[in-house]
Every structure is written in structure tokens, then in C-alpha cells.
Amino acid sequence: METPTAATFTLAYLVLAVCFVFPPSEFHLAGLTVQNLLGSWLGSEDVAFVHYHLRRGTGTLLAHAALPLGYYLGMCFAAPEKQLFTISQAPEPWKTFFASALLLLVLAGTFAYYWSRDGWSRHPLVGTLSAFALPPHANWRAVAMSINAEFRRIDKFATGPPGARLIVTDSWILKVTTYSFHVALQRDLQLTVVDSRQQDLLLDASMPAQFLTIRVASADPRVKAFDIRLNSSEYGELQDKLRAPIQNGANVVIHQSLSDLFLETFSSLVERNPPYLVPGNQELDLCIGCMQSRANVKLLKNCREPHVGECQPCFCYPMWCLLCMGKWFASQQDQQHPETWLSSHVPCPTCRAQFCILDVCSVQ
């Protein structure tokens, strides 16, 4: 049985270790990342992008491999009754754990030392870079210099979190990962949208978002294909930087603006509201907004909670289609604060009665 102190240390160390491996924004702000802790050794990403990430990936591997041994050393102080300082007197499970943790760190250190030999020419990524070298004079260092030079340009496209960052230059597509990075030459590429995921709320914006998964495949069999994940609002900017078109293999409807995303969310929420049954003797006219579709929504006050006092009864008969009503709703919002759109109230486009999304009902 672990003592309360040992159990508390175990839980705290586990939380810190997970945050160190997958650092949240708070850890980035506090500088508790491998990039910041090893900054003097890594050098500048802007000066030497390739060598920076060769070092960063190797340093990250070493830092993560040291976490189990760090836990053992911490337990030496958190649980002195286990006598972990003296390996020969430690319980058998802890001896096995120490040996495994030490072996993991030694293996990581061995790989790091081997990769760094001969100016990092033995790193696995160098084999990929060598595939882009043009004989007889070019080698992987010439390719690295080309990538470094284009990365320094201010017109590159860059997006994504630190552990899955996407960078597109005039000639290269680069995906930075936790331990390394993928690289592909634009002129040899085939890009295909393979998946789309709708995320109702973004953690940092409280807004719906569509994320696309794009497969990057090279004509050169030596270059391994990889996937990039992109917010659909950045899709147009990515296309402008690419030389090759992006094929839509999954037949995905791509929403490239915030309004597109909002209209899809608006429609899905309206479908959950109670429908409005049209009287048998009432005929529906064309939507007065677009004059193309039949009017198919009616405003009915569904907010009955005492604290919701802004919605008002609307006595207009159905005159608008769902798409036009959604566009009207979006047009009345504060464009600088999209996080408030779904919970806001707007006036009816005909009688000006205040309503919210809960009051928009489909006509049946």
C-alpha cells in the first residue's frame, strides 16, 4: 500500500508528465516545453529550420524517455520507507521499474548519440531529404539549405499546434511532429481530402469548426505519405500556396468561412426544435428572401424559462426559408465576437419581434 504522500506524488507526477508530453497552452506560456528548456542548444528555427528540428525531436525523445526515471527518483523522497535510494534493498517491483526506466533512457541516449554523429547525417530523416537531392553535386545538406531559405520567407503558410504544425513554402510542404517532421516537394505531390470532422465547439473560441484531413502523397516511393489536419476556414489560403490542386476524394462539402459553418450548425439546431404544423387551408409562398425556395420555417416562442425574457411572440405566417433565416440571423451578430452567436437574440426580419434559435421551427 502506498502512503498518502506517495499516492499524492504519483498523481501529481502523472498529471505533470502528461502535460509535459502534450503541453497545453498554459505550459507554453510558462515556458515548460522542450523548445524553451533546451533553447540554447536547439538554436534558432528561423536560421536553420532542418537542424533545429533534428535537435528538437532528439531532445524531446530524451526528455520523454527520462520521465520514468524521474518518477523513480521522486519516489525516493516521497516514500523513504521503501528504501529506493539503495537499489539492492528496494522491493522487487521497484527494482524492475528502475532497471526498465534506466534501460529506456540509455536506449534513447544511444539513438540520440548515433543520430547526431557526422553532423546529423545518420538521422532517419536525412534519408528522406536525400531523396530530393539532385545528383551529382547535391546532397541532403543542399536540400536542408533550400528548406531553411524558404522557411525564412515571410510569405509562407503556417498553421496548427506545435506538435502538428503545417508549413507550406513555395517548394515544400512540411509537417512538424513531436519527434521529427515530414517533408514533401510540391512538384511531386498529390493531395486528397480523405476525411472531414465537425467539431461543435472550439476550446479557444467556443465556435463550431470543420476540420479536414488531407493526404499528402509523393510520386517518389522513397517519400512516405502523411496526413495533415486543417481548419476548413484556412483551406482557401492553403490552396493559394499550393502548386497542385487538392482532390476531394471523400466528396466533402468544405466550409471556408465562419458563415458557412454557422449556417450548418444553425440548420442542425433548428431540426431539434418542435415543428410547426401548417393549417390545411394555408398555402406556402416562395421565400421572400431568395424567391427560389418555398418558405419552410416559422417563428414560435419556445423559451418558457423565467430567466429568458428577451424572446417575443411572432405572429407572421411562414415567409422565409431556413437558409435565408440563417443568413439573416448571422447578419445581425457581432462579427468580432462569434462565440456569442448561438446564444444571441435577433429581431424577426418582418415584424421585428425578438427571437432565438430555439424559436425557429420547421414547417410541416
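Residues numbered from 1 in each chain as written. Predicted model: local features only at pLDDT ≥ 70, side-chain atom pairs only at ≥ 80, totals over all residues. Heavy atoms only, no water.

Visitor: Help me out: how do you make sense of the layout of surface pockets in this one?
Guide: To find leftover empty space, one rolls a probe the size of a water molecule over the atoms. Its volume calculated, the second largest pocket comes out at about 210 Å³. In terms of lining residues, the second largest pocket is bounded by His123, Pro124, Leu125, Thr128, Thr177, Ser180, Phe181, His182, Val183, Arg222, Val223 and Lys224. When contributions to the lining of the second largest pocket are tallied by element, the ones reaching two or more residues are α8 (124-130) and β4 (181-185). Here the lining of the second largest pocket is built from residues that sort into five nonpolar, five polar and two charged. (1 Å grid on protein atoms, 1.4 Å probe; cavity = no way out; pocket = protein on both sides within 12 Å on 5 of 7 lines; lining within 4 Å. Points joined across faces, edges and corners; volume = space filled by probe spheres on them. Helix = DSSP H or I, 4+ residues; strand = E, 2+ residues; numbered from the N terminus. Nonpolar A, V, L, I, M, F, W, Y, C, P; charged D, E, K, R; others polar.)

Visitor: Is there a simple way to think about empty space enclosed by the protein in this case?
Guide: Scanning the entire structure with this criterion turns up one cavity of 30 Å³ or more. If you add up the space inside the largest cavity, you get close to 70 Å³. For the largest cavity, the full set of lining residues is Val297, Lys298, Leu299, Cys314, Cys316, Tyr317, Pro318, Met319, Trp320, Met325, Cys348 and Thr350. The biggest single contributor to the lining of the largest cavity is strand β9 (residues 297-299), with three residues.

Visitor: Looking at this structure, I do not really get a nonpolar patch on the surface. What am I missing?
Guide: Together, Leu14, Val18 and Phe22 make up a nonpolar patch on the protein surface, roughly 330 Å² of accessible area in all. The topology assignment puts leucine 14 in helix α1 (residues 4-21). Leucine 14 gets classed as exposed once you look at its relative accessible area, which sits at 52%. (Patch = residues over 30% accessible without salt bridge, like charges linked within 9 Å, V, L, I, M, F, W, Y side chains within 5 Å. Areas by Shrake-Rupley, 256 points an atom, 1.4 Å probe, with all protein chains shown as cover. Salt bridge = Lys/Arg side-chain N within 4 Å of Asp/Glu carboxyl O. Buried < 20%, exposed > 50% of the residue type's maximum accessible area, 1.4 Å probe, protein only.)

Visitor: What exactly am I supposed to notice about the UniProt feature "transmembrane region" (unreviewed entry) in the protein chain here?
Guide: On the UniProt side, "transmembrane region" (unreviewed entry) is annotated at positions that read residues 6-23, 61-80 and 96-115 here. Across residues 6-23, the secondary structure splits into 89% helix and 0% strand, with the terminal C-alpha atoms separated by 24 Å. Summarising residues 96-115: 100% helix, 0% strand, and an end-to-end C-alpha distance of 28 Å. (UniProt positions renumbered as here; feature names shortened; annotations may be inferred.)

Visitor: How do you make sense of the sheet that holds strand β1 (residues 157-159) when you look at a structure like this?
Guide: By way of backbone hydrogen bonds, the strands of a sheet pair with one another, either parallel or antiparallel. Strand order in the open sheet formed by four strands is β1-β2-β3-β4, with antiparallel pairing between adjacent strands. A strand with exactly one partner marks an edge of an open sheet, and here the two such strands are β1 and β4. Averaged over all adjacent pairs, the angle separating strand axes in this sheet is 10°, with direction ignored. The pairing of strand β3 (residues 172-176) with β4 spans five bridges and is classified as antiparallel. Its bridge partner being in β4, tryptophan 172 is matched across the sheet by leucine 185. Its contacts with the sheet place helix α5 (residues 49-65) against β2 (165-168), β3 and β4, and it is angled at close to 20° to β3. Packing against the sheet, helix α9 (residues 140-151) makes contact with β2, β3 and β4, and its axis sits at approximately 85° to β3. (Pairing = 2+ DSSP bridges. Axes fitted to C-alpha atoms, helices over the stretch in contact; angles between N-to-C directions. Contact = heavy atoms within 4.5 Å.)

Visitor: Mind showing me how you'd approach the domain arrangement of the protein chain here?
Guide: Accessible area lost upon the coming together of the parts is a frequently used measure of interface size. Domains assigned within the protein chain are domain 1 (4-122), domain 2 (134-248) and domain 3 (258-362). Distance from the C-alpha centre of domain 2 to the C-alpha centre of domain 3: 39 Å. (Domains from an automatic or database assignment.)

Visitor: Before we go on, may I ask you to explain the packing of α5 against α9 in this structure?
Guide: The axes of two packed helices give the description: the angle between them and the distance between them. Between α5 and α9, the shortest axis-to-axis distance is 7 Å and the interhelical angle comes to 105°. By the angle between their axes, α5 is roughly perpendicular relative to α9. Of the residues in α9, those touching α5 at Phe49, Val50, His51 and Leu54 are Trp140, Arg141, Ala144, Ile147, Asn148 and Phe151. For the contact of α5 with α9, the residue count by class is seven nonpolar, two polar and one charged. (Parallel < 35°, antiparallel > 145°, perpendicular 65-115°, else oblique.)

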